[in-house]
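Next come the chains, spelled out residue by residue.
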Number of protein chains: 2
Amino acid sequence: MKETQDLFPTRLERKLGMFERIDPVVHSDGEQRARGPLSEAQLDEFDRKGFLSFDGFFGQEEMDAFLQELRDYEDDEDLKLSEGTILEPGKQEIRSVFGIHEVSEHFSRLTRDPRLLAMVQQILGSEVYIHQSRINYKPGFKGKGFDWHSDFETWHSEDGMPRMRSLSCSIILTDNGEFNGPLMLIPGSHRQFVPCVGRTPEDNYKESLKSQEIGVPDEASLRDLMVEGDIEAPKGPAGSLVMFECNTMHGSNINMSCWPRSNLFFVYNSVENTLHDPYCGNRPRPEFLANRKDWRPLTPVE
Amino acid sequence: MKETQDLFPTRLERKLGMFERIDPVVHSDGEQRARGPLSEAQLDEFDRKGFLSFDGFFGQEEMDAFLQELRDYEDDEDLKLSEGTILEPGKQEIRSVFGIHEVSEHFSRLTRDPRLLAMVQQILGSEVYIHQSRINYKPGFKGKGFDWHSDFETWHSEDGMPRMRSLSCSIILTDNGEFNGPLMLIPGSHRQFVPCVGRTPEDNYKESLKSQEIGVPDEASLRDLMVEGDIEAPKGPAGSLVMFECNTMHGSNINMSCWPRSNLFFVYNSVENTLHDPYCGNRPRPEFLANRKDWRPLTPVE
């Protein structure tokens, strides 16, 4: 499918200034918005800050089962060789496993958790499907960080996601403290689109998933966003949840502590916002990064 | 001067386990200890944790004058070429300026601040001199971190400091928050000496001041210390002070925020603990890293 107009120009040779988003942040209204499960105050907070955090949304026991599954993956040499597994730069350690909801029935069911799904549908104002899922590993002493970025900037240019109508759920599998490289977000940054400079090379994802060089916001824009909105890093026990809007600027630091930090990311997209051809003009990225095969709406597990 | 016995063996080919310190942490007793300015509770805290922090010890105005002086240094091409100036790995940006109390009368006077000096003398139980001074720069977005280390491990092996009877004062010139790469310390870690593995190359400091490869504590020991003592990162406005014992394990992360973080370090050593030949057997490091010329006791400024 070809799009005639690109509403979010980025990855050009010349620098464009940041500009205000054109899409709503909370997409439901009327009865759907009022029905919950999120309260009006929570929706307002999401609208204003671009994220919501929930301490211990899932229980410790639920998380323990996932952690055991993760440990099994760490020893799985086949998984290390699979296309969706990204190793640390120059190392044999796993940084991310993409498509985790397809590898594991256990994780797949979690994406269809009734409470989670209802909140996502309420924010996106429609039925939803999984655009991408992944686990990020950040082992003690070794885990690297992620530089500041907007997911939407990449999903738009490299995956052809037309509008800002998706969000990520980050579920923390380990206790999340000040020192093990927690997710940092810039409140309010989702209200601005920051175009990035530089043409996207073909197969850019092979490098960008290890260390991003293209799709990097400029420091002047980041500074403006931080001075306006500050930085927040939600803390909490294993099972805590952060839901953040697809355009919220976020990143994370190196884990210098001994405490590992692993988390799950599920990216939900509205079924009314399915992918076009990539706006950067390249061929689409692989399925494990951007689902183009199965846009059927998710239904809650019993 | 040659030492017959090395009480803190490190930098050997084989790994030695960590062992308990043999020196006191607070060296004064009797009347000198009771005289202050630190209270018995503060001395106990320093003894237990290996550091003390003071919110806004110096005033904002005092700090502003130093910051202006720092800005002048950033533009000073001669200073960039000077031996005591360490640039970021592969870059032209200043990481540290050593010997700052010799470059600047203003900074020299600060090392002799009566309140500061009296606290240091009370802890070290004697008159003191400056072993080393430096400014660390950590600009917004760009500032790199420092891996975990004990200063004493280096000062003993590379500078010939015989015993644990010195301390660092870190004075923060900029507000110190969660996100601009604050100093992190492991409470209680000063009670253990962690020998490091690997012979010290000659002129090791030329690399180690940018990125430390020798004198790196092993992960198992660090984990034990963290599990026992946790990690703390004192926050505070410009002018805040952290005094930490020479063997307290510390480090700092990358500055991913837009807010720069600059701080001053003054290392005070007891006049009863002056330097021997380096225990690693190499020739001494340069004067700007380890003062061997002037061990006269500091006297307070008027």
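Scroll up to find the structure.
Now for a look at the structure at hand.

What counts and how
Residues numbered from 1 in each chain as written. Chains lettered and ligands numbered in written order. Predicted model: local features only at pLDDT ≥ 70, side-chain atom pairs only at ≥ 80, totals over all residues. Heavy atoms only, no water. Contact = heavy atoms within 4.5 Å. Buried area = accessible area lost by both parts, 1.4 Å probe. Salt bridge = Lys/Arg side-chain N within 4 Å of Asp/Glu carboxyl O. Helix = DSSP H or I, 4+ residues; strand = E, 2+ residues; numbered from the N terminus. Nonpolar A, V, L, I, M, F, W, Y, C, P; charged D, E, K, R; others polar. Least-squares fit on C-alpha atoms with pLDDT ≥ 70 in both. Pairing = 2+ DSSP bridges. Axes fitted to C-alpha atoms, helices over the stretch in contact; angles between N-to-C directions. Phe/Tyr/Trp six-rings, centres within 6.5 Å; stacked < 30°, edge-to-face > 60°. Lys NZ or Arg CZ within 6 Å of the ring centre and 35° of its normal. Buried < 20%, exposed > 50% of the residue type's maximum accessible area, 1.4 Å probe, protein only. Polar contact = N/O pair within 3.5 Å; in protein donor to acceptor, adjacent residues only side chain to side chain.

### Points about the interface of chain B and chain A
Argument step 1. In this complex, chain B contributes 26 residues to the contact, which on the side of chain A involves 26 residues.
Argument step 2. Of the roughly 2,200 Å² buried between chain B and chain A on both sides combined, carbon and sulfur atoms contribute 68%.
Argument step 3. Taken together, the connections running from chain B to chain A amount to four salt bridges.
Argument step 4. Note that Lys142 of chain B and Glu219 of chain A form a salt bridge whose closest N and O atoms lie 3.9 Å from each other.
Argument step 5. Where the side of chain B that touches chain A is concerned, the elements lending two or more residues are strand S6 (146-149), helix H10 (219-229) and strand S11 (250-252) of chain B.
Argument step 6. Ranked by the residues each element gives to the side of chain B that touches chain A, the list is headed by H10 of chain B, at five residues.
Argument step 7. Split into classes, the residues belonging to the side of chain B that touches chain A amount to 14 nonpolar, four polar and eight charged.

### What about the relation of the copies chain B and chain A?
Argument step 1. Its rotation angle being 180°, the transformation that places chain B on chain A also includes 0.0 Å of axial translation and leaves an RMSD of 0.0 Å. Such a turn and shift between the copies fits a two-fold axis.
Argument step 2. Take the interface residues of chain B: 100% of them recur as interface residues in chain A, which is what a same-surface contact looks like.

### Observations regarding the sheet that holds strand S7 (residues 166-172) of chain A
Residue and element names in this part refer to chain A.
Argument step 1. The strand order across the open sheet formed by seven strands is S2-S10-S7-S12-S5-S4-S3, and the pairing between neighbours is antiparallel. The open sheet has two edge strands, strand S2 (51-54) and strand S3 (85-87), and neither has a second partner. Within this sheet the neighbouring strands show an average axis-to-axis angle of 15°, counted without direction.
Argument step 2. The sheet contact formed by S7 and strand S12 (residues 261-270) spans seven bridges and is antiparallel. The partner of Cys169 across the bridge, within S12, is Phe266.
Argument step 3. Seen against the sheet, helix H2 (residues 40-49) touches S2, S7 and strand S10 (241-245) and runs at an angle of roughly 130° to S2.
Argument step 4. Helix-sheet contacts for helix H3 (residues 60-74) involve strand S4 (94-98), strand S5 (128-138), S7 and S12, and the interaxial angle to S5 is about 70°.

### Quick notes on the packing of aromatic side chains
Argument step 1. Applying the stated criterion to the full structure yields 24 aromatic pairs over all chains.
Argument step 2. Between Phe19 of chain B and Phe193 of chain B, the aromatic rings sit 5.5 Å apart at their centres with planes inclined by 50°, giving tilted as the arrangement. A residue pair is termed long-range when its members are at least 10 positions apart, and Phe19 of chain B in strand S1 (residues 19-20) and Phe193 of chain B in strand S9 (residues 192-193) qualify at 174 residues.
Argument step 3. In this structure an aromatic cluster arises from ring pairing among Phe8, Phe19, Phe152 and Phe193 of chain A.
Argument step 4. Lying across the ring of Phe146 of chain B, Arg95 of chain B places its NZ or CZ 3.9 Å from the centre.
Argument step 5. Arg134 of chain B extends its terminal NZ or CZ atom over the ring of Phe265 of chain B, reaching a point 4.1 Å from the ring centre.

### Concerning the side chain of Ser240 of chain B
Residue and element names in this part refer to chain B.
Argument step 1. Here Ser240 lies in the loop between H10 and strand S10 (241-245).
Argument step 2. Its relative accessible area of 3% is what places Ser240 among the buried residues.
Argument step 3. Looking at Ser240, its side chain comes within polar contact range of the main-chain nitrogen of Gly56, at 2.9 Å.
Argument step 4. Every residue in contact with Ser240, bar those within four places of it in the chain, is listed here: Phe54, Asp55, Gly56, Phe57, Ser170, Ile171 and Ile172.

### A word on the pairing of S12 of chain A
Residues and elements named next belong to chain A.
Argument step 1. Within S12, 10 of the 10 residues are buried, which leaves the element mostly enclosed by the surrounding structure.
Argument step 2. Where S5 lies against S12, 10 bridges are found, and the strand directions are antiparallel. Looking at S12, one finds that Val128 is bridged to Ser270.

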